[in-house]
Amino acid sequence: MAEQLNSMLSLRGLTRRFGGLTAVDAIDLDLAKGGLVSIIGPNGAGKTTLFNLVTGIDRPDAGTVHFEGQDITGLSPERLAAAGIARTFQLGRVFGNLSVMDNVLIGAHTRLRAVKPAVPAIGPLLELGLALLRPASVQAEEERLREEVKAILARFGERLLPRIDQPAYSLSYANRRRVEIARALALQPRLLLLDEPTAGMNPTETSEMQALVAELNAEGLTILLIEHKLEMVMRLSDRVIVMDEGKKIAEGSGEDVRSDPKVIEAYLGHGLSGTTEQESAA
Amino acid sequence: MTASAPEPLLALSNVDTFYGQAQVHFGLSITVARGHIVCLLGGNASGKSTTMKIILGLVKPRSGEVTFDGASLLGLSTPQIVRRGIASVPEARRLFADMSVRENILMGAFVRNDREAIAQDLDKMLTLFPKLGQRLSQRAGSLSGGEQQMVAMARALMSRPRMIVMDEPTMGLSPLYVDRVLELIRTINQEGVSVFMVEQNASLALEIAHEAYVLQTGKIVLSGPARALKDDPRVRDAYLGGSEAA
Amino acid sequence: MSSWLDYTINGLIVGNVYALVAVGLALIFGVSRLINFAQGSIYLVGAYIGWVAVVQLHTPLPLTIIVVAVAAAIVGLIIERFGLRPLQNSVRIAPLLATIGISFVLDQLVMLTFSPNPRALPSQLPEVRFQVGNGTIGPLDLLIAGVGITSALLLFVFLRYSKLGWAVRAASQDRDAAMQMGVDVNRVNQAVFGIAAALGGVSGMLVGMYYNQIDTAMSLQATLKGVVAEVVGGAGNVPGAVIGSLLLGLVESYGVAVFGTSYRNLFAFLLLVVVLVLRPNGLFASARQAPPEPLTGTFIAPSRPVRIPRWALAVAAAGFAILPLFPVSFYVLQTLINAWLLGMLALSLTLVAGTIGQVSLGHAALLAIGAYTSALLSLTLNVPVGLAVIGGGLMSAALGTLLISPSFRLRGHYVSIATLAIGEIVSLVILNWESVTRGPIGISGIPPLSLFGYDLISPTPIYWFSFAVMVVLALLQGRLLTSHLGRSFRAIRDDDIAARAYGLSLNRYKSLAFIFGGFAAGVSGGIAAHLYSYINHETFNTQQSILALTVVILGGLGNVVGAILGSVALVGLPEVFRIAAEYRILIYGIVLLLLVRFRPQGLLGTM
């Protein structure tokens, strides 16, 4: 299939059970290179578990994950990061005691070359030696990455740059989310998974974030997005997938999904029928 | 806005809450009138669940006041607050998974010592939640999400509370159960129990609530009678980033 | 030669004893998610209270059991109330460190009260054996079995039918939800600590009677055995703890039957390491669990380290360097030499426990590996001492990392248990591998320190040598911390899941931290071996591991300057105040407790 060939990420029958509960139930998903697909659904629908399965934090009980045509099912998160998959976390997992700069530098870890030569067996020892000796090549690499981090932080205006040396635990909730996204960008990902990037943000901050995500997508970055704020989802996504109780209950363009009665029933709530009409009219 | 409402049962006034250095609530003020259902709406990470935790004494605000029936709740432990007459239906149910359904429901009566009345109340719960009758000796963890929600509600009622606080009671439930849960909340309320619920699903919550508050990044941005808010486009603008309910 | 049936009976009886300890650990873990490292100390206290009752008060057996149970329960309640309850809202490392501190304080108090010499604890039961098949069983065996079974029944009834028992079960499944039902978690904790302590105390008394001997070394062994049994059964799983205990008793008993008595503990600890690596949730845990989602930075407290200007550090270093040029006594130099050696160990531990968050309780094993390697290289292969010490450091780095690598998959408390067990394994291997280590005799006649053919005999050159080595190690470690490895280590400590999601391999970076830290510890051990000229398997013991941990907490986790400052303080201050040696460990334990309670970030702050 043409779509399959083009696809950056492709899930088939992905399933994860916890005890009696099927958190992710036979999910199929295709994400084309350069595309942006959103996953919506009520809290507890299995969206974050799906992210965990794609990024190797958790392993599926059944089904496959293909990334750029390669079967990556069950690979470790380290390998997936090296393959170019970056993610943010719903709960905001910054490294609390690290400065903003160091947090984002960790994002660039997979791109370290000079200090982390790809030599088998003694590679780690070389890395230790190079970290201590710091020849010019290593210093130059570190300097280059630091400049790059500043450029990434500049994308967030004056939100993070003035706090570059502050420990992450001292940041506001919204700024921690920004640090997470900056850290993900430092990986120079081919696929970016964003888990509710606007949680805890006010409308101004939300629209800033929406603009940033749109910009990243326009620059060619492939994005899988979990988001509750539907307007943002409608504006940004090529396609929307609706999950409920672990299952995919609808898929299509924003407009299709919004008017799908199943979606309204399960996700938006049946009490909303009046509102939906208003929305459709609007 | 609730000036005409009866004397408040629960009142939060000017509450500021912090997690470490991050501020979660900014001068939060909420009142729940006697016999009313009040709903707190907001997106993820807006500070909704923390509001629940403040009421239950699981998190202490840095400043502000929380009163229940005229007396301050600050400085009381969670068990003491429960003894004052506040029961809870926690987020994601939080049943005691390895205990039986019967034990779970009876745990709700932990603060009571009137054995016979407890036994009667258990029977009453089984009329209110007939499905649980066949499940009494099962492990609570083996039930479906909807059944677990029923157990969580029965458990909360067993303490004969004056008020129940509920954190996203419809989360992860199928439509059938969502209906059932909403109906039950109404029934419980009609029997005289005040309800304070946190919900993400605005339209559902506004169906049954008397008053509602909209929380956004720790501030109340909108509040008023639920009927008025239901058609107010600002609700959606305020917390869904200008979209419909999510 | 005893029969297999005898070994089976012995295994089950010993298993019953372990069960009394392990059930308490499981109850506490269930409610508090805490492995109580002080459980063995309560067992020790129980044994000594039993001795007082039997030998001095001549109480009849039933009364002895009641006295021991009540007294131990009171100790348990005191630990809960004053040691742990104040830490309820602290970061997770705090109660872990507190139970370690409490354990040391209790053990030392017992030692100071009763002297470290073993005592006989008569069983008060007739010395008869009944023939059962081709084995025998005595009244004491029956008593232990009876106490074990009765306790299990009482516990079952308590948990199943009493209101407080329901509260315990509810709290262990969901603490917050239990509180929302009106359960007073403090009362639950009290109940659990009281029960655990009563069972542990009675267990210690029964073991004392079984072997007709008690001594202060029982404590650590009991903690380890109880933890092994509990972890094998699945942490927090009460019936699992009973089964794990019986299994452990049998494994040990059959192991002894086949390989001999000195291998008893080796089997227990190997079983622990195997279970931790293969089934960290215990043998009976159901399928894969949902991955835990800890919030960031909850293991250690966030803090801003105190920045000391470089010139101040340079001035201080220069001051210490020229100290021997002034008329100071050899005694002062000797004390500071000890501080520098401890400083190297603390540098190692602050990297491992502080920077990358692996709270090792077996760090003395790294000293031992370095010391034995250096001693044997210089003695048997005539390697020059300077090179031998470096060899000791390298061996400690390599072997230590290899041995500890099974624990790289673990987190928090489990790392501490695993490293404690691995430390014990090293000590047992040294004891048993006679052809290389000379076994219990130890190694004597180790040549003195020498450099380029010059022996360093007098304190002044030894002082300079050890100070210089420590400064070099500290500078290297400081440089490491400012490299990409420093931030990688700290990222893994703060959130290992997020770190992995950004490509940081836990195995690789934990290995590098242990290699670097192992080298410093091995060098410290190597130098010590040449200073002492005699070492054996007990030279480097858990006390040193705990002392180093106290130093690290005192200085601030991960803080290089703090590690050295802490070493000087903990070695120097007792000398300044002329505190008798036997009280020092007690004081270290108390210092650790006070720090955890009042200044968890230490003097100079976490890095």
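Residues numbered from 1 in each chain as written. Chains lettered and ligands numbered in written order. Predicted model: local features only at pLDDT ≥ 70, side-chain atom pairs only at ≥ 80, totals over all residues. Heavy atoms only, no water.

**Let's talk about the overall build of chain C**
Right, so step 1: Along chain C, the regular secondary structure elements total 24 helices and four strands.
Right, so step 2: Rg of the C-alpha trace for chain C: 24 Å, near the compact-globule value of 25 Å for 607 residues, within the 12% margin.
Right, so step 3: Along the first, second and third principal axes, the C-alpha atoms of chain C reach 70 × 55 × 45 Å.
Right, so step 4: Every one of the 607 residues in chain C was classed for burial, and the buried ones make up 60%. (Helix = DSSP H or I, 4+ residues; strand = E, 2+ residues; numbered from the N terminus. Rg over C-alpha atoms; globule rule 2.2 N^0.38 Å. Buried < 20%, exposed > 50% of the residue type's maximum accessible area, 1.4 Å probe, protein only.)

**A short note on the nonpolar core**
Across soluble globular proteins, you tend to see nonpolar side chains buried next to one another.
Right, so step 1: Counting 259 residues, the largest nonpolar core has A:Leu192, A:Ile223, B:Met107, C:Ile79, C:Phe489, C:Ile527 and C:Ile535 as the members making the most contacts within it.
Right, so step 2: B:Ala87, B:Met150, B:Ile188 and B:Val235 belong to the second largest nonpolar core, which has 51 residues in total. (Core = buried A, V, L, I, M, F, W, Y, C linked by side-chain atoms within 4.5 Å.)

**A look at the packing of helix 3 (residues 61-84) of chain C against helix 4 (residues 93-114) of chain C**
All names here are of chain C.
Right, so step 1: Packing of helix 3 against helix 4 leaves a shortest axis separation of 11 Å and a crossing angle of 135 degrees. The angle between helix 3 and helix 4 falls in the class oblique. Classified by chirality, the crossing of helix 4 by helix 3 is right-handed. Where helix 3 approaches helix 4, its residues Val75, Ile79, Gly83 and Leu84 are matched on the opposing element by Pro95, Ala98, Thr99, Ile102 and Leu106.
Right, so step 2: Taken together, the residues of the contact of helix 3 with helix 4 break down into seven nonpolar, two polar and no charged. (Axes fitted to C-alpha atoms, helices over the stretch in contact; angles between N-to-C directions. Parallel < 35°, antiparallel > 145°, perpendicular 65-115°, else oblique. Left-handed = near helix turned anticlockwise from the far one by under 90°. Contact = heavy atoms within 4.5 Å. Nonpolar A, V, L, I, M, F, W, Y, C, P; charged D, E, K, R; others polar.)

**Examining the domain arrangement of chain B**
Residue and element names in this part refer to chain B.
Right, so step 1: Taken domain by domain, chain B consists of domain 1 (1-85 + 164-246) and domain 2 (94-160).
Right, so step 2: The centre of domain 1, based on its C-alpha atoms, is set 24 Å off from the matching centre of domain 2.
Right, so step 3: Taken residue by residue, the interface counts 14 residues in domain 1 and 15 residues in domain 2.
Right, so step 4: A buried area of about 1200 Å², summed over both sides, lies between domain 1 and domain 2, and 73% of it is on carbon and sulfur atoms.
Right, so step 5: Together, Arg83, Tyr177 and Leu184 form the three largest contributors to the area buried by domain 1 at its contact with domain 2, with a combined 39%.
Right, so step 6: If you look at where domain 1 meets domain 2, you find one salt bridge.
Right, so step 7: A salt bridge links lysine 124 to glutamate 191; the nearest nitrogen and oxygen atoms lie 3.9 Å apart.
Right, so step 8: Those elements giving two or more residues to the side of domain 1 that touches domain 2 turn out to be helix 2 (78-83), strand 7 (163-167) and helix 6 (175-190). (Domains from an automatic or database assignment. Buried area = accessible area lost by both parts, 1.4 Å probe. Salt bridge = Lys/Arg side-chain N within 4 Å of Asp/Glu carboxyl O.)

**Observations concerning a nonpolar patch on the surface**
Residues and elements named next belong to chain C.
Right, so step 1: On the surface, a nonpolar cluster with roughly 640 Å² of combined accessible area is contributed by Leu63, Ile66, Val67, Val70, Ile74, Ile78 and Phe82.
Right, so step 2: Along the chain, valine 70 falls in helix 3.
Right, so step 3: Assessed through its relative accessible area of 47%, valine 70 is described here as partly exposed. (Patch = residues over 30% accessible without salt bridge, like charges linked within 9 Å, V, L, I, M, F, W, Y side chains within 5 Å. Areas by Shrake-Rupley, 256 points an atom, 1.4 Å probe, with all protein chains shown as cover.)

**Regarding the interface of chain C and chain A**
Right, so step 1: With 42 residues of chain C in contact, the opposing surface of chain A contributes 51 residues.
Right, so step 2: Taking both partners together, chain C and chain A bury about 4100 Å²; carbon and sulfur atoms supply 56% of that area.
Right, so step 3: Counting across the interface, chain C meets chain A through five salt bridges.
Right, so step 4: In this structure, the salt-bridge partner of A:Arg93 is C:Asp495, at a minimum N-O distance of 2.7 Å.
Right, so step 5: If you look at where chain C meets chain A, you find 15 residue pairs in polar contact (both at pLDDT 80 or more).
Right, so step 6: Among the secondary structure elements, those contributing two or more residues to the side of chain C that touches chain A are helix 18 (459-481), helix 19 (484-494), helix 20 (496-501) and helix 21 (506-532) of chain C. (Polar contact = N/O pair within 3.5 Å; in protein donor to acceptor, adjacent residues only side chain to side chain.)

**Some points on the packing of helix 13 (residues 330-355) of chain C against helix 19 of chain C**
Residue and element names in this part refer to chain C.
Right, so step 1: At their nearest, the axes of helix 13 and helix 19 sit 9 Å apart, and the two run at 50 degrees to each other. When the axis of helix 13 is compared with that of helix 19, the two are oblique. On helix 19, the residues touching Leu351, Gly354 and Thr355 of helix 13 are Gly486, Phe489, Arg490 and Arg493.
Right, so step 2: Residue classes in the contact of helix 13 with helix 19 are distributed as two nonpolar, three polar and two charged.

**What to know about the domain arrangement of chain C**
Residues and elements named next belong to chain C.
Right, so step 1: Split into domains, chain C comes out as domain 1 (4-278) and domain 2 (310-598).
Right, so step 2: Domain 1 and domain 2 are separated by 32 Å when their C-alpha centres are compared.
Right, so step 3: Listed as interface residues are 37 residues of domain 1 and, on the opposing side, 34 residues of domain 2.
Right, so step 4: Across the interface of domain 1 and domain 2, roughly 3300 Å² is buried in total on both sides, 83% from carbon and sulfur atoms.
Right, so step 5: Across the contact surface, domain 1 and domain 2 share zero residue pairs in polar contact (both at pLDDT 80 or more).
Right, so step 6: When contributions to the side of domain 1 that touches domain 2 are tallied by element, the ones reaching two or more residues are helix 4, helix 9 (218-233) and helix 11 (264-278).
Right, so step 7: The element that contributes the greatest number of residues to the side of domain 1 that touches domain 2 is helix 4, accounting for 13 residues.
Right, so step 8: Looking at the side of domain 1 that touches domain 2, its residues break down into 30 nonpolar, five polar and two charged.

**Examining the environment of B:Pro233**
Right, so step 1: Assignment of secondary structure puts B:Pro233 in helix 9 (residues 233-239).
Right, so step 2: C-alpha separation for the pair B:Pro233 and B:Ser49, spaced 184 residues apart in sequence, amounts to 24 Å.

**Section: the environment of A:Glu231**
Right, so step 1: Checked against the element boundaries, A:Glu231 lands in helix 9 (residues 230-236).
Right, so step 2: Of the polar contacts made by the side chain of A:Glu231, one reaches the side chain of A:Arg235; its length is 2.7 Å.

**Considering the pattern of salt bridges**
Right, so step 1: By the definition in use, this model includes 41 salt bridges over all chains.
Right, so step 2: Notably, a salt bridge pairs B:Arg139 with B:Asp98, separated by 2.9 Å at the nearest N-O pair. With B:Arg139 in the loop between helix 4 (115-128) and helix 5 (145-157) and B:Asp98 in the loop between strand 6 (86-89) and helix 3 (101-107), this pair connects stretches of sequence that are 41 residues apart.
Right, so step 3: Since its relative accessible area comes to 41%, B:Arg139 is described here as partly exposed.
Right, so step 4: The residue B:Glu103 makes a salt bridge to C:Arg169 at a minimum N-O spacing of 2.9 Å. Here B:Glu103 is found in helix 3, whereas its partner C:Arg169 is found in helix 6 (residues 163-173) on a different chain. Considered together, B:Glu103 and C:Arg169 belong to a single accessibility category, that of buried residues.
Right, so step 5: Here the residues in one salt-bridge network are B:Arg112, B:Asp114, B:Asp121 and B:Arg160, joined through shared partners.

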